[in-house]
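Spelled out, the chains give:
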Amino acid sequence: MTTLTPMARLRASLSAPTHPAVIVGAHNPVTAALLEAADFDGAWISSLEMSLVHGLEDRNLLGIHEVAESIHYIRAASRLPLVVDADNGYGSVHSTRRAVREFEAAGASAVCLEDSTFPKENSFIDGSADLLDVTEHQRRISAAKEAQKDPDFLVIARTEALIRGYGIAEAVSRGAAYAEAGADLVLLHSRVPRGVEALQAAAAWQGGVPLVTVPTAFPELPPSELHAAGFSLVIYANQLLRSSVRAMQETLDKLRNAQSVEEDCVPMQDLLKLAEGFPG
Ligand code: SPV
Ligand code: MG
């Protein structure tokens, strides 16, 4: 059994020579326990997934305390490294600082901070959210680094420059500015199909810190290929919620038609076994 802390494990998994660290969105303790059993490198606590399971849109509506409480329950059920999507730091340097303190205390191993204005919008919505001034996001990144307690805690700086149509040069220069401000990793988020833009941005990257990608729009590129293109961390942000919604819809259709769904369900014993790993 490993004796490394979740934070140290995450750091170690980022420097594997031939493959990236791969983490997956976990929106509750059950999904985190499944990820741990399946031997992933960590869980992504996604703002989209967490907003949806709280019955909210992904628009900065979740509060710091609500996210911290969710981290607390997930941490109690799992030793996985937890990378928390902290949106834009909830709107200010002060709220960023508080979020990092609360999230680390609740069990987070890393936070991701994006340069969107408040209120943010999900990256797959063509809305009115724009980019923060570079210097303001640099101040939030620095504040996050100052607020962390454990030296192994990681701060990922994310730019929405590609998402909002500002182009590769702007994304790369923003990423470099955030690395200068202290970010441990940089995420140049893109939703252009086949990873065309993400791969070009990675090829242009000279910011000196490792790159992160969220391949929602280019799922056909396997982690090995993304690693070869320069990405050290790959985040499958929402696949477990999306696949479980599909499974629930299919089960509901069958129940509505009085068909058996037993073959589609894990046995009751599997649920009870999962619960054995949770705090008593
Ligand atoms: C999330 O999972 O909340 C993310 C990734 O931030 S995205 O949905 O692409 O914005
Ligand atoms: Mg998000």
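Let us look at the structure shown here. (Residues numbered from 1 in each chain as written. Chains lettered and ligands numbered in written order. Predicted model: local features only at pLDDT ≥ 70, side-chain atom pairs only at ≥ 80, totals over all residues. Heavy atoms only, no water.)

1. Observations concerning the coordination of the magnesium ion (ligand 2)
This is how it is decided: For Na, K and Ca the donor cutoff is 3.2 Å, while for all other metals N, O and S atoms count as donors only within 2.8 Å; water does not appear among the atoms, so some sites may look incomplete. The helix count covers DSSP runs of H or I at least four residues long, the strand count covers runs of E at least two residues long, and both are numbered beginning at the N terminus. Each residue is assigned to one of three classes by its accessible area relative to the maximum for its type, calculated with a 1.4 Å probe on protein chains only: buried under 20%, partly exposed between the two thresholds, exposed over 50%.
Those donors, Ser47 (OG) and Asp85 (OD), are the protein atoms that reach the magnesium ion (ligand 2), and they lie 2.0 to 2.1 Å from it. Residue Ser47 is found in helix H3 (residues 47–53), and its partner Asp85 is found in strand E3 (residues 82–85); the two are separated by 38 residues along the sequence. Side by side, Ser47 and Asp85 carry an identical accessibility label, which is buried.

2. Topic: the packing of aromatic side chains
How we decide: Two aromatic rings, drawn from Phe, Tyr or Trp (for Trp, its six-membered ring), form a pair once their centres lie within 6.5 Å of each other, and the interplanar angle then sorts them: stacked below 30 degrees, edge-to-face above 60, tilted otherwise. Here, a charge over a ring means that NZ of Lys or CZ of Arg falls within 6 Å of the ring centre while also lying within 35 degrees of the ring normal.
A complete count under the given rule lists one aromatic pair for this structure. Seen in terms of ring centroids, Tyr90 and Phe103 are 6.1 Å apart; in terms of plane orientation they differ by 85°. Their pairing is edge-to-face. Of the two residues, Tyr90 is situated in the loop between E3 and helix H5 (93–106) and Phe103 in helix H5; the sequence distance between them amounts to 13 residues. Judged by its relative accessible area of 13%, Tyr90 is buried. Sitting over the face of the ring of Phe124, Arg191 holds its NZ or CZ atom 5.9 Å from the ring centroid.

3. A word on the nonpolar core
Let me state the cut-off plainly: Definition used in this section: a nonpolar core is a set of buried Ala, Val, Leu, Ile, Met, Phe, Trp, Tyr and Cys residues joined via side-chain atoms within 4.5 Å. Contact between two residues is taken to exist if any of their heavy atoms lie within 4.5 Å; hydrogens are not considered.
Within the largest apolar cluster, 58 residues are counted, with the highest numbers of intra-cluster contacts made by Ile71, Val84, Phe103, Val111, Ile141 and Leu188. Not counting the four nearest positions on each side in its chain, Ile141 is found in contact with Leu113, Val155, Ala157, Tyr178, Ala181, Gly182 and Ala183. Formed by 17 residues, the second largest nonpolar core is a distinct cluster that contains Leu14, Ile23, Leu187 and Val212.

4. With respect to the site of ligand 1
How we decide: Think of it this way: one heavy atom of a residue within 4 Å of a molecule or strand is enough to make that residue near it. Contacts described as polar in this section are N or O atom pairs within 3.5 Å, which, within protein, must combine one atom able to donate a hydrogen with one able to accept it, while residues neighboring in sequence count only if both atoms come from side chains. Accessible surface is estimated by sampling points in the Shrake-Rupley manner with a 1.4 Å probe; for residues, cover comes only from the protein chains shown.
Lining the immediate surroundings of ligand 1 are Trp44, Ser46, Ser47, Leu48, Asp85, Asn122, Ser123, Phe124, Arg158, His189 and Ala237. Here an oxygen atom of ligand 1 and a side-chain polar atom of Trp44 are 3.0 Å apart. Within the backbone of Leu48, an N or O atom sits 2.8 Å from an oxygen atom of ligand 1. Contact with the protein chains removes 100% of the 290 Å² of surface that ligand 1 exposes when unbound.

5. A short note on the side chain of Asp115
Inspection of the secondary structure puts Asp115 in the loop between strand E4 (110–114) and helix H6 (134–147). Within polar-contact distance, the side chain of Asp115 engages the side chain of Arg174 at 3.0 Å. Not counting chain neighbours up to four residues away, the residues in contact with Asp115 comprise Asp130, Leu131, Leu132, His137, Arg158, Thr159, Glu160, Arg174 and Tyr178.

6. Some details on the environment of Leu211
Mapped onto the elements, Leu211 comes out in strand E7 (residues 211–213). With relative accessibility at 2%, the residue Leu211 sits in the buried group. Residues Leu211 and Val186 lie 25 residues apart in sequence; the distance between their C-alpha atoms is 5.0 Å. If near-sequence neighbours (up to four positions away) are discounted, Leu211 is found in contact with Val186, Leu188, Ala202, Trp205, Gly230, Phe231, Ser232 and Leu233.

7. With respect to the pattern of salt bridges
Test applied: Salt bridge, as used here: a side-chain nitrogen of Lys or Arg that lies within 4 Å of a carboxyl oxygen of Asp or Glu.
Enumeration over the complete set of coordinates arrives at 15 salt bridges. Of the charged contacts, one joins Arg59 and Glu121 as a salt bridge, the two residues approaching to 3.0 Å between their closest N and O atoms. Highlighted residues: Arg59 in the loop between H3 and helix H4 (64–77) and Glu121 in the loop between E4 and H6, separated in sequence by 62 residues. Ionic pairing is found between Arg98 and Glu102, a salt bridge with its closest N-O pair at 3.4 Å. Placement of both Arg98 and Glu102 in helix H5 is noted, with a separation of four residues, approximately one turn of the helix. When its relative accessible area of 38% is taken as the criterion, Arg98 is described as partly exposed. One salt-bridge network, held together by shared partners, links Glu57, Arg59 and Glu121.

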